[in-house]
Amino acid sequence: MWSQRAVVDYGLAKRAAIQSIRSGHMESRDVCDAHPYLLRAARTLGEPTDYGCPICERQNVTHVTYVYGDELGRSAGRVKASSDLVEMAREYEEFRVYVVEVCQGCGWNHLAVSFLLGTGDPPARGGLPG
Ligand SMILES: [Zn+2]
């Protein structure tokens, strides 16, 4: 397995959003606004979870994983399967992973967690100083 670094858990913000809905301070349409692209990513590349949607409670949320990093080039901002991350963590020095939970039923979406992956080694340079 890889080692996750600099983990940021967005659970607190997520619970606050859910609480705002349940207490009537926010409407579900304010948080159930998943972009069509995100919904499609959830359907095709997302990974099912055992967690029920906190808003509609009708179906389980799906995790969609995005990767960002200077080294990734054109892969930056792409959706990846977690099996891809294992390979990427060996290939790149450092990149950040964002996991978004999405309900394909009502459109609820919220950042769940983000963390850094990678070898942690300086990138190999082509013999040039600096
Ligand atoms: Zn839902």
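Let me sum up the structure you'll find in this document. (Residues numbered from 1 in each chain as written. Predicted model: local features only at pLDDT ≥ 70, side-chain atom pairs only at ≥ 80, totals over all residues. Heavy atoms only, no water.)

## Some details on the overall build of the protein
Right, on to step 1. Along its length, the protein carries four helices and six strands.
Right, on to step 2. Secondary structure elements of the protein occur, N-terminal to C-terminal, as β-α-α-α-β-β-β-α-β-β.
Right, on to step 3. Across the 130 residues that make up the protein, the buried fraction comes to 38%.
Right, on to step 4. Put simply, the protein shows about 8,100 Å² of open surface, and 48% of that area lies on carbon and sulfur atoms. (Helix = DSSP H or I, 4+ residues; strand = E, 2+ residues; numbered from the N terminus. Buried < 20%, exposed > 50% of the residue type's maximum accessible area, 1.4 Å probe, protein only. Areas by Shrake-Rupley, 256 points an atom, 1.4 Å probe, with all protein chains shown as cover.)

## Section: the pattern of salt bridges
Right, on to step 1. Across all of its chains, the model carries four salt bridges by this definition.
Right, on to step 2. The partner of Glu101 in a salt bridge is Lys14, and the shortest N-O contact between them spans 2.8 Å. Of the two residues, Glu101 sits in strand S5 (residues 95-102) while Lys14 sits in helix H1 (residues 11-22), which places them 87 residues apart along the sequence. Taken as a pair, Glu101 and Lys14 share a single burial class, namely buried.
Right, on to step 3. In this structure, Glu27 and Arg29 form a salt bridge, with 3.2 Å as the shortest nitrogen-oxygen distance. (Salt bridge = Lys/Arg side-chain N within 4 Å of Asp/Glu carboxyl O.)

## Section: the coordination of the zinc ion
Right, on to step 1. Those donors, Cys53 (SG), Cys56 (SG), Cys103 (SG) and Cys106 (SG), are the protein atoms that reach the zinc ion, and they lie 2.3 Å from it.
Right, on to step 2. Around the zinc ion, the four donor atoms are arranged such that angles at the metal cover 107 to 118°; this shape is classified as tetrahedral.
Right, on to step 3. Counting the intervening residues between successive donors of the zinc ion yields the motif C-x2-C-x46-C-x2-C. Taken together, the residues Cys53 in the loop between strand S2 (47-52) and strand S3 (60-68) and Cys103 in the loop between S5 and strand S6 (109-117) connect sequence positions 50 residues apart.
Right, on to step 4. We classify Cys53 as buried; its relative accessible area is 1%. (Donors = N, O, S within 2.8 Å, 3.2 Å for Na, K, Ca; no water. Tetrahedral: all angles 85-135°; square planar, octahedral: opposite > 155°, others 65-115°.)

## Focus: the pairing of S3
Right, on to step 1. Two elements, S2 and S3, share three bridges in a ladder whose sense is antiparallel. From the neighbouring strand, Pro48 faces S3, where its bridge partner is Thr62.
Right, on to step 2. In this structure, S3 lies alongside S5, joined through seven bridges in antiparallel fashion. Paired with Tyr66 across the two strands is Tyr98, which belongs to S5.
Right, on to step 3. In this sheet, strand S4 (residues 79-80) lies alongside S3 in antiparallel orientation, the contact comprising two bridges. Bridging across to S4, Tyr66 finds its partner in Val79. (Pairing = 2+ DSSP bridges.)

## Topic: the side chain of Glu101
Right, on to step 1. We classify Glu101 as buried; its relative accessible area is 6%.
Right, on to step 2. A polar side-chain atom of Glu101 sits 2.8 Å from a polar atom in the side chain of Lys14.
Right, on to step 3. A distance of 2.8 Å separates polar atoms of two side chains, one belonging to Glu101 and the other to Trp108.
Right, on to step 4. Sequence-distant contacts of Glu101, defined by excluding residues within four places in its chain, comprise Lys14, Pro54, Val61, Thr62, His63, Trp108, Asn109 and His110. (Polar contact = N/O pair within 3.5 Å; in protein donor to acceptor, adjacent residues only side chain to side chain. Contact = heavy atoms within 4.5 Å.)

## Remarks on the environment of Cys106
Right, on to step 1. Mapped onto the secondary structure, Cys106 falls in the loop between S5 and S6.
Right, on to step 2. Through-space distance from the C-alpha of Cys106 to that of Arg90 is 37 Å; in sequence the pair is 16 residues apart.

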